[in-house]
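The lines below spell out each chain.
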Amino acid sequence: MSLIVCSDHKQAMAERVSLSSMLAKSQQELPARSMKDSYLEVHLPLGSEPQLREKYLTFHNTVRFGRILEDLDSLGVLISYSHTYNPVLKRSPLSIVTALVDKIDMRQHVVYPDCDIKFTGHVTWVGRTSIEATMHMLQYRDGVYAPVLDATFVMVARDPENKRAAFVNPLKPDGAEEETIYQQGEANKSRRVELSTASLLKVAPAHEEREIVHSLFLNTLDTKTVSFRSRVLPPNSVWMEDAKLKGLEICHPQERNIFNRIFGGFLMRKAYELGWANACSFGGCRPNLVAVDDILFQRPVEIGSLLLLSSQVCYTQENYIQVRVHSEVFDPLTRQHNTTNVFHFTFKSDRDVPNITPRTYGESMLYLDGKRHFNQTVEK
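Rules used throughout
Residues numbered from 1 in each chain as written. Predicted model: local features only at pLDDT ≥ 70, side-chain atom pairs only at ≥ 80, totals over all residues. Heavy atoms only, no water. UniProt positions renumbered as here; feature names shortened; annotations may be inferred. Helix = DSSP H or I, 4+ residues; strand = E, 2+ residues; numbered from the N terminus. Core = buried A, V, L, I, M, F, W, Y, C linked by side-chain atoms within 4.5 Å. Buried < 20%, exposed > 50% of the residue type's maximum accessible area, 1.4 Å probe, protein only. Contact = heavy atoms within 4.5 Å. Salt bridge = Lys/Arg side-chain N within 4 Å of Asp/Glu carboxyl O. Phe/Tyr/Trp six-rings, centres within 6.5 Å; stacked < 30°, edge-to-face > 60°.

### A word on the UniProt feature "domain: HotDog ACOT-type" (unreviewed entry) in the protein
- In this structure's numbering, the residues bearing the UniProt feature "domain: HotDog ACOT-type" (unreviewed entry) are residues 38–161 and 241–353.
- Secondary structure across residues 38–161 divides into 19% helix and 44% strand, with the first and last C-alpha atoms of the span separated by 23 Å.

Here is the structure:
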C-alpha cells in the first residue's frame, strides 16, 4: 500500500513541477481581482438527498459539526484557487494550504439534519502571499435560507511543489461596501499581530490578570494551616488537571491531500469531536458550539504519523465552557513530540457548570489564555 501511495504522490507532483515556470516574480506582475471573481456558492442537499445524510449524522440525529469544518476548509481552498486562477493555464499554478482559522461564529446553535445547506464565500483581503476567505453557511427552512454561521480562514500560497511562498493576485475592492469589507480584513490582520505579540508564551500577564491568578491561589489555600503547599478545592469547583480528555489518531492515506500530507479539515474534525466530548463530560449534558477561533496550523502532519490530541477545559463562566485542544505528532523511533496545532472552542451548556481551578502556574496561564479567548467571543 505504501508503494502505491508513494507512486501516486510522485506522479501528481511531477505533473505540478511544470507549473513553477508560470509563477510571478512579484505581485505587481499579477492582474488585480475583485471579490466577485472568487465568489463561490456550494449546496449540501441534506434534505433533498437523504442518501448523503448519513455521512453527516450523529447517533442523536444531529449534524456532525466536524464534517462542516471539513467542508469549510475545502471551500476556503477552492475560493483561494478561484482568486488565483490563470486563464491561460485554465487553473491556478499555486498550491494553497490553510494557515489559520481566524474565527467561526455561530449565528444559531441548531443545524437541522433534514434541511439543505448552502455555503457562500469569497476573498475579503490579501497580503503578498496570503489570502483571507470569508464564508457563510445558511440552511433552508420554512421557505428561506437562514444564516447559521460566519467563518474567516487565512490561506497561504506556495509554489507548485509546496516548498516556498508564492505571490497571489492583489485584491481591488469595487465600491464602498467592498472597501469596508477589505478594511475589516486589514483590521483582522492587525488584531492577529497584536494577539500574537501579547501571547502569554512571550510576555507576562497584565496587572489585572496577575491579580486574578493570585485570587485563585488564595481561594485554594487551606485556612486550617499556614502553608503555601496545603491546597483545598473550593465549593462547586474542579481542578484543571481533572478536566482533561485525550485521544490518539493513526494518520492513514485516506485522509491525505495532494502533497501526501494529512488534510487540515480532518485535523479540525478530530480536534472538535474530542473538545466537544470533553465539554459534554465536564458539563454533564450535550453542549452547543458558540465559536471556534485562533486555530493555527504550525506544521504539516505526515501520513503514518501518530497524532496525539489532548483537550483541556481551561475556563468556565456560568454555563460557558472554554476548551483548548493541543495536537502533536509523536515519533516512536526518536521519542520526539512536535506540536502541529492548537484549537480553541467555546461551548454553551444547558446548565451552569463548575468553576475550573488551576493548581500550578502553568495551569494558571492556560486559565488566563482561555479567559482571553472567551472574552473575545463574548465581545463579538
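### Quick word on the nonpolar core
- In terms of nonpolar packing, the biggest core is built from 78 residues, with F65, I68 and I104 touching the most fellow members.
- Ranked by residue count, the leading element in this core is helix α6 (residues 264–283), at nine residues.
- With sequence-adjacent residues up to four places away left out, F65 is seen in contact with I104, M106, L149, Y272, L289 and V292.

### Points about the pattern of salt bridges
- By the definition in use, this model includes 12 salt bridges.
- The salt bridge partner of D174 is K36, with a shortest N-O separation of 3.9 Å. On the criterion of sequence distance, the pair formed by D174 in the loop between β5 (144–158) and α4 (176–197) and K36 in the loop between α1 (2–17) and β1 (40–44) is long-range, its members being 138 residues apart.
- The residue D102 makes a salt bridge to R191 at a minimum N-O spacing of 2.7 Å. Pair noted here: D102 is in strand β2 (residues 95–106) and R191 is in helix α4, with a separation of 89 residues, a long-range link.
- Residues joined in a network through salt bridges with shared partners are D102, E132, R191 and R192.

### Describing the packing of aromatic side chains
- One pass over the structure, following the stated rule, counts nine aromatic pairs.
- A centroid spacing of 5.8 Å and a plane angle of 75° characterise the contact between Y272 and F345, whose relative ring orientation is edge-to-face. Within this pair, whereas Y272 is found in helix α6, its partner F345 is found in strand β11 (residues 336–348), the two being separated by 73 residues in sequence.
- Take Y272: its relative accessible area is 9%, and that puts it in the buried class.

### Re unusual backbone geometry
- Unusually for a residue other than glycine, N61 sits at a positive phi of about 65°.
- Turning to its location among the elements, N61 is positioned in the loop between α2 (50–53) and α3 (65–83).
- With a phi close to 55°, D142 is a non-glycine residue in the positive phi region.
- Looking at the element boundaries, D142 is found in the loop between β4 (130–141) and β5.
- A relative accessible area of 73% places D142 in the exposed class.

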